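Now for the letters of each chain:
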Amino acid sequence: MSQVGWRAAVHAAAMDAVGGADLCTLDDTFGPLALDVAPDRWVDVARALRDEVGCCYFDWLSAVDELDDGFRVLCHVARWGTPVSHVVLRTLVNRQQPRLASLVPVWSGAGWHERETFEMFGVEFVGGDPMSTLLLPEGFEGHPLRKDFVLASRVAKAWPGAKEPGESEHDAAPARRRVLPAGVPDAEAWGPRPARSPAADPLTVARSAGPPVRARGARRAPGRASAEPGEPTGG
């Protein structure tokens, strides 16, 4: 099937499933054809892609944290042929109540991906596999791939990209010091200390403790030729 024919088939199937032009849009700007649908038509359009245009191959499902806009959930499926035809199904769920109908009744392989997306982003999928622990340890709090999730390692050890190797904190370019990666907390927001409290800054206290001490004789991770600046050698 040609790309033009594939686009027309996907559009027709989606329109039949949603019954309104304002409930789905097509986008082929970035490679594979992308189909944006309203959350309440997520399963209807997925079933139409499987039954009406032959998208029987489920590839993957995940999400993107778009901050105030919510979570963009994406599902990539394909139709076998010459060539293989691809489509990415997308929807946007509310950040305050991120819930979406499960695609397990359509593609059973979606269960593992939905559980992973629930753990990493906090998007709950209803009507499929139980949202039980998959990758994270029992008792883990939070969702690591959310952009507002604080990485504890960034509190204990400064982000390596904040300055060039060998460059002191004093010499680092002001612009670079202002740019922090995801997971680095604002000093006023980290820990139990209220904002603008005269108490010691928890971030400064954590950094002053120094890097963790490597056990004597411990082996380095594969691919690491030498210790990081300031890191004990353990020898």
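For the structure itself, consult the block above.
It should be emphasised that the depicted structure is a prediction, and the values quoted were computed from it without experimental measurement. Every chain's residues receive numbers from 1 upward, in the order its sequence appears when written. Selection of residues for local features in this predicted model requires a pLDDT of at least 70, selection of side-chain atom pairs for listing and counting requires 80 or more, and totals for whole chains, interfaces and linings are taken over all residues. Note: side-chain values were computed over all heavy atoms of the structure, leaving out hydrogens and water.

J.: What exactly am I supposed to notice about the environment of A14 here?
T.: Only DSSP runs of H or I with at least four residues qualify as helices, and only runs of E with at least two residues qualify as strands; both kinds are numbered from the N terminus onward. Residue position: A14 is located in helix α1 (residues 3-18). Along the sequence, A14 and V45 sit 31 residues apart, while their C-alpha atoms lie 5.5 Å from each other. Contact criterion: two residues are considered in contact whenever any of their non-hydrogen atoms come within 4.5 Å of each other. The residues contacting A14, other than those within four sequence positions of it, are C24, L35 and V45.

J.: Teacher, can you tell me more about the packing of α1 against helix α2 (residues 42-52) here?
T.: Working note: a packed helix pair is described by the angle between its axes plus the distance between those axes. In this description, a line fitted to the C-alpha atoms serves as the axis of each element, helices being fitted only across the stretch in contact, and the angle between N-to-C directions of two axes falls anywhere from 0 to 180 degrees. The geometry of α1 relative to α2 is characterised by a closest axis approach of 9 Å and an angle of 135° between their N-to-C directions. Judged by the angle between their axes, α1 and α2 are oblique. Where α1 crosses over α2, the handedness of that crossing is right-handed. Together, V10, A13, A14, D16, A17 and V18 of α1 and D44, V45, A48, L49 and E52 of α2 make up the contact between the two elements. Here the contact of α1 with α2 is composed, by residue class, of eight nonpolar, no polar and three charged. By definition in this entry, angles of less than 35 degrees are roughly parallel, angles greater than 145 are roughly antiparallel, angles of 65 to 115 are roughly perpendicular, and the rest are oblique. Each helix crossing is assigned a hand: it is left-handed if the near helix lies turned anticlockwise from the far helix by less than a right angle, otherwise right-handed if that turn is clockwise. Gly is placed with the polar residues, together with every amino acid not listed as nonpolar (Ala, Val, Leu, Ile, Met, Phe, Trp, Tyr, Cys and Pro) or charged (Asp, Glu, Lys and Arg).

J.: In this structure, what is going on with α2? I would like to understand it.
T.: The periodicity of an α-helix, 3.6 residues per turn, causes residues three or four positions apart to be oriented the same way. The cut-offs for exposure are 20% and 50% of the maximum accessible area for each residue type, with area from a 1.4 Å probe on protein chains only; residues under the lower value are buried, those over the upper are exposed, and the others partly exposed. Taken residue by residue, α2 has W42, V43, V45, A46, A48 and L49 as its buried positions. In this structure, the buried side of α2 is in contact with α1, β2 (33-37), β3 (57-65), β4 (71-79), β5 (85-93) and β6 (99-101). Backbone geometry just after α2 places G54 at a positive phi near 85°.

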